[in-house]
Amino acid sequence: MAAASSGWAAVCEKFRTARTLSAVESRKDPETEPYRSKYSARALLQEVKQLLSAAEEGGEARLAAVRQAVLEYELGVNHTDTEELSAGEEHLQRCTQLLEPHRLSPDCVSLYIQAQNNLGILWSERDEIKTAQTYLESAEALYNQYMKEDGNPPLDPSEHFMAEEEKLTDQERSKRFEKAYTHTLYYLAQVYQHLEMIEKAAQYCHTTLKRQLEYCGYYPVEWALNAATLSQYYLSKQCFMESRHCLAAASVIFSQAGQVPSAEDNETEQDQQDLRQRKAEIARCWIKYCLNLLQSARKLLEDNIGELDPERQLELKAQRKKEEDEKEKGRKKAVLFGTSDICDSVLAMEEKVSSVYPLDFQEAREIFLVGQNYVQEAKEFFQVDGYVTDHIEIVQDHSALFKVLAFFEEDYERRCKMHKRRIDMLEPIYADLNPQYYLLISRQLQFELADTYYEMMDLKVAIGNRLEELDSHTIKKINSLAQLAIKYYELFLDSLRNPDKVFPEVLEEDVLRPAMVAKFHIARLYGKLITSDSKKQLENMQTSLEYYTFLVDYCEKYPDAVHAVETELELSKEMVGLLPTRMERLRAKLCPFI
């Protein structure tokens with residue numbers, strides 16, 4: 001008997017060594033032999049397999065089958081780790097076949113679920129997402145069935161090779177079983193993402209994150225990035241409270257990663273760089289949150305000419321007063337992450353920024369300032385040198401924050417100053433950009449600069465209209481802004497020309513609306529230029545007419561284009577009708593005797 005037990009102890013020792021080699025030692029393997037420890041572990045597992053079949057010929061068949069299944073599982077994972085997928089699949093399949101009759105019993109259920117998880121991963125690595133889905137959904141169903149019918153903490157697979165006194169506590173068993181199930185949900189979230197079942201993917205991602213916090217099974221940086229990514233899904237659904245909650249949780253958990261580590265933490269320079277980048281990526285998600293919240297509020301508040309509608313504003317404020325309390329209470333419960341100490345930090349973080357639509361300038365400004373702080377944080381890492389595209393996107397978001405804040409500002413002069421801030425941040429970037437390499441970004445900047453100057457010109461005209469008489473300073477300002485807007489619209493339109501400088505006969509769908517809007521705005525801008533020289537005025541009207549005519553003719557020739565510019569087309573037709581008569585009148589004034 002003693003010999004048998006010492007023989008069993010040796011078997012358990014071999015098994016334990018194999019697992020240590022695989023999980024711990026393999027991390028230290030040299031790059032020249034990346035799988036050295038995995039191969040040593042495999043040899044030991046094969047030995048254990050032989051010892052088992054020799055020792056258990058007369059033993060209990062069921063026990064033998066379960067131990068055999070544990071070895072098949074370990075060999076399956078081992079082969080998958082060394083990129084031998086077919087062999088890995090064979091071992092894992094053998095494991096599930098051995099367990100099939102007992103898969104719902106406490107000594108088998110955890111192993112069976114983990115085998116199915118690994119088959120799911122294996123098939124998704126082969127890009128067979130539907131097959132992966134089948135295995136993972138089957139694992140999920142088995143967990144739910146076991147919890148419903150039994151629910152006691154099941155054995156961990158490693159316990160099949162442990163002496164009685166080494167067996168795990170119920171608490172530890174439960175923790176490991178729940179962790180295996182969290183993995184199932186985590187992989188299912190990715191599978192649903194691949195299959196473009198976005199809503200389901202988000203739901204599973206949320207549950208996974210919640211469970212990882214509950215069972216303390218997560219890496220702070222990875223968890224934070226997943227939560228920040230999930231926040232962007234909620235953002236697309238206009239669920240601002242959920243989105244803010246995910247971002248606040250991301251920021252709190254990320255800070256557990258030692259924020260940006262000091263040199264003493266034996267972190268490499270590369271690790272520190274990675275952490276800084278992740279922190280900046282989370283900051284960018286916060287920028288999108290603030291921007292989307294402000295833009296959605298603008299959509300609710302604007303009238304048909306894009307100005308703030310005061311009646312709508314009062315109506316929404318009254319409605320919000322009524323709803324606010326129930327809504328906060330009702331929706332908080334559904335999304336809260338984590339244990340109480342984490343919750344407190346997350347709540348403190350959430351209180352720094354609103355999740356309800358801002359309805360006036362003061363409320364909008366508070367959200368704007370939070371967004372602007374995150375812009376500075378993101379720009380610290382994503383600098384122009386090395387991260388051109390990212391840096392420009394962040395500056396464009398900063399400009400968009402100013403643009404939407406200007407909507408809430410009633411004072412035209414102050415509104416103008418906000419647009420000037422946008423010009424000041426966009427122009428230097430545009431000037432340094434090589435359009436040959438960055439054509440798309442270059443076009444975006446040309447159009448945005450043109451639009452901003454156009455907006456400023458409109459505001460200056462509105463300010464001028466309030467004066468009894470236009471002074472020369474205001475006239476100069478209006479003309480200068482109009483000319484700068486024309487310059488950038490023309491640069492944008494020139495970027496559409498072919499190498500022979502010929503404008504396209506047919507505009508591509510992605511540039512159709514911007515090109516038409518640019519033509520329409522240029523027509524309008526020529527009409528706004530103020531001059532006392534009637535001859536010059538006539539020339540401007542002629543140019544204006546040509547641009548309006550382009551729009552009308554293009555839409556007659558290509559009726560499919562109409563949907564992109566309905567409003568502009570209507571006004572252009574009107575102007576094509578009116579301008580010739582006005583020009584005739586002006587000519588008659590110039591040469592009354594003709």
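The shown structure was predicted, so the numbers you read here are calculated from the model rather than taken from an experiment.

Student: Quick one: what's the story with the overall build of the chain, residue by residue and with numbers?
Tutor: Scanning the chain from N- to C-terminus turns up 21 helices and zero strands. Its C-alpha radius of gyration of 34 Å places the chain more than 25% over the 25 Å reference for a compact globule of 594 residues. Considered along the principal axes of its C-alpha atoms, the chain spans approximately 130 × 55 × 50 Å. Evaluated residue by residue, the chain yields a buried proportion of 46% over its 594 residues. Counted over contacts in the chain with a minimum sequence separation of 6, partners at least 24 positions apart contribute 70%. Entry remark: accessible area of the chain is about 31,300 Å², with carbon and sulfur atoms responsible for 51%.

Student: Lay out the packing of helix 15 (residues 388–408) against helix 16 (residues 412–431) in plain terms, naming residues and giving numbers.
Tutor: Put simply, helix 15 and helix 16 touch, their axes get as near as 9 Å, and they point 170° apart. As far as their axial angle goes, helix 16 and helix 15 are roughly antiparallel. Across the interface between the two elements, His391, Ile392, Val395, Gln396, His398, Ser399, Phe402, Lys403, Leu405, Ala406 and Phe407 of helix 15 pack against Arg415, Met418, His419, Arg421, Arg422, Met425, Leu426 and Ile429 of helix 16. Residue composition of the contact of helix 15 with helix 16, by class: ten nonpolar, five polar and four charged.

Student: Explain unusual backbone geometry to me, and be specific about the residues and the numbers.
Tutor: Positive phi, close to 60°, is recorded for Glu196, a residue that is not glycine. Within the secondary structure, Glu196 sits in the loop between helix 7 (170–194) and helix 8 (198–214).

Student: Please provide a residue-by-residue account of the environment of Met162, values included.
Tutor: Positionally, Met162 belongs in the loop between helix 6 (129–149) and helix 7. Considering only alpha carbons, one finds Met162 and Ala10, 152 residues apart in sequence, at a separation of 11 Å. Leaving out residues up to four positions away in the same chain, Met162 has contacts with Trp8, Cys12, Lys167 and Leu168.

Student: Break down the pattern of salt bridges for me, with residues and values.
Tutor: Taken as a whole and assessed by the stated rule, the structure comprises 41 salt bridges. Glu377 is the partner of Lys279 in a salt bridge, and the nearest nitrogen-oxygen pair spans 4.0 Å. In this pair, Lys279 sits in helix 11 (residues 269–301) while Glu377 sits in helix 14 (residues 361–381), placing the two residues 98 residues apart along the sequence. In this structure, the salt-bridge partner of Arg524 is Asp458, at a minimum N-O distance of 3.4 Å. Of this pair, Arg524 sits in helix 19 (residues 509–528) while Asp458 sits in helix 17 (residues 439–465), and the two are 66 residues apart along the sequence. According to the relative accessible area criterion, Arg524 is partly exposed, its value standing at 25%. The class of Asp458 is partly exposed, set by a relative accessible area of 27%.

Student: Let's hear about helix 6: which residues, and what values?
Tutor: Between its first and last C-alpha atoms helix 6 spans 30 Å; for 21 residues at 1.5 Å apiece the expected length is 30 Å, and the two agree. Three or more residues of helix 6 are buried, namely Ile129, Ala132, Gln133, Tyr135, Leu136, Ala139, Glu140, Leu142, Tyr143 and Tyr146. Packed against the buried residues of helix 6 are helix 4 (85–99), helix 5 (109–125), helix 7 and helix 8. The first or second residue beyond helix 6 is Gly151, which carries a positive phi of 85°.

Student: I'd like a rundown of the state of the cysteines, residues and numbers included.
Tutor: Tallied over the entire structure, the rule returns zero disulfides. Note on Cys108: no disulfide assigned, nearest cysteine sulfur contributed by Cys95 at a separation of 9.2 Å. In this model Cys285 remains outside any disulfide bridge; the closest cysteine sulfur is found in Cys246, 11 Å from its own. Residue classification places Cys285 among the buried residues on the basis of a relative accessible area of 14%.

Student: Would you mind going over the packing of aromatic side chains in detail, with residue names and values included?
Tutor: Evaluated as defined, the whole model comprises 29 aromatic pairs. Arranged with centres 5.5 Å apart and planes meeting at 65°, the rings of Tyr186 and Tyr187 form a pair that is edge-to-face. Here Tyr187 falls in the partly exposed class, since its relative accessible area comes to 21%. Taken together, a centroid distance of 6.0 Å and an interplanar angle of 80° make the contact between Phe503 and Phe550 edge-to-face. Linking Phe503 in the loop between helix 18 (472–494) and helix 19 with Phe550 in helix 20 (residues 534–557), this pair joins segments that are 47 residues apart in sequence. By relative accessible area, Phe503 is classed as buried at 16%. Judged by relative accessible area, Phe550 falls into the partly exposed class, the value being 24%. Every member of this aromatic cluster is reached through a ring pair, and the members are Phe240, Trp286, Tyr289, Tyr357 and Tyr374.

Student: Residues and numbers for a nonpolar patch on the surface, please.
Tutor: A cluster of nonpolar side chains, namely Leu467, Leu470 and Ile530, defines an oily patch on the protein surface of about 210 Å² accessible area. With respect to the helices and strands, Leu467 occurs in the loop between helix 17 and helix 18.

Student: Can you explain the nonpolar core? Please cite residues and give values.
Tutor: Generally speaking, a soluble globular protein has its nonpolar side chains buried in company with each other. Core analysis: the largest hydrophobic core is formed by 125 residues, its most contacted members being Trp286, Tyr289 and Tyr489. No other element matches helix 11, which puts 14 residues into this core. Leave out the neighbours within four places in its chain, and Tyr489 touches Phe447, Ala450, Asp451, Tyr454, Ala518, His521, Ile522 and Leu525. If you look at the next biggest cluster of nonpolar residues, it comprises 48 residues, including Leu92, Leu99, Ala115 and Phe177.

Student: Give a description of the packing of helix 7 against helix 8 that names residues and reports values.
Tutor: The description of two helices packed together rests on the angle between their axes and the distance between the axes. In contact at an axis separation of 8 Å, helix 7 and helix 8 are set at 155° when each is read in the N-to-C sense. The angle between the axes of helix 7 and helix 8 places the two elements in the roughly antiparallel class. Between helix 7 and helix 8 the crossing geometry is left-handed. Seen from helix 7, the contacting residues are Glu178, Tyr181, Thr182, Leu185, Tyr186, Leu188, Ala189, Tyr192 and Gln193; seen from helix 8, they are Ile198, Lys200, Ala201, Tyr204, Cys205, Thr207, Thr208, Arg211 and Gln212. Of the residues that constitute the contact of helix 7 with helix 8, the class distribution is ten nonpolar, five polar and three charged.

Student: Tell me what's going on with the side chain of His245, and back it up with residues and numbers.
Tutor: Locating His245 in the fold gives a position in helix 10 (residues 240–255). A polar side-chain atom of His245 sits 3.0 Å from a polar atom in the side chain of Glu350.

Student: I'd love a proper account of the side chain of Glu74, names of residues and values included.
Tutor: With respect to the helices and strands, the residue Glu74 is situated in helix 3 (residues 61–81). Among the polar contacts listed, one links the side chain of Glu74 to the side chain of Arg19, at a separation of 3.3 Å. Ignoring anything within four residues of it in the chain, the contact list for Glu74 reads Phe15, Arg19 and Leu45.

Student: Before we move on, could you go through the environment of Pro580 and cite the residues and values that matter?
Tutor: With respect to the element layout, Pro580 can be found in helix 21 (residues 566–590). Overall, Pro580 belongs to the partly exposed group, its relative accessible area being 33%. It is 8.1 Å that separates the C-alpha atoms of Pro580 and Leu545, two residues lying 35 residues apart in sequence. Those residues in contact with Pro580 that sit more than four places away from it in its chain are Leu545 and Met575.

Parameters and conventions
Residues numbered from 1 in each chain as written. Predicted model: local features only at pLDDT ≥ 70, side-chain atom pairs only at ≥ 80, totals over all residues. Heavy atoms only, no water. Helix = DSSP H or I, 4+ residues; strand = E, 2+ residues; numbered from the N terminus. Rg over C-alpha atoms; globule rule 2.2 N^0.38 Å. Buried < 20%, exposed > 50% of the residue type's maximum accessible area, 1.4 Å probe, protein only. Contact = heavy atoms within 4.5 Å. Areas by Shrake-Rupley, 256 points an atom, 1.4 Å probe, with all protein chains shown as cover. Axes fitted to C-alpha atoms, helices over the stretch in contact; angles between N-to-C directions. Parallel < 35°, antiparallel > 145°, perpendicular 65-115°, else oblique. Nonpolar A, V, L, I, M, F, W, Y, C, P; charged D, E, K, R; others polar. Salt bridge = Lys/Arg side-chain N within 4 Å of Asp/Glu carboxyl O. Expected span 1.5 Å × (residues − 1). Disulfide = S-S within 2.5 Å. Phe/Tyr/Trp six-rings, centres within 6.5 Å; stacked < 30°, edge-to-face > 60°. Patch = residues over 30% accessible without salt bridge, like charges linked within 9 Å, V, L, I, M, F, W, Y side chains within 5 Å. Core = buried A, V, L, I, M, F, W, Y, C linked by side-chain atoms within 4.5 Å. Left-handed = near helix turned anticlockwise from the far one by under 90°. Polar contact = N/O pair within 3.5 Å; in protein donor to acceptor, adjacent residues only side chain to side chain.

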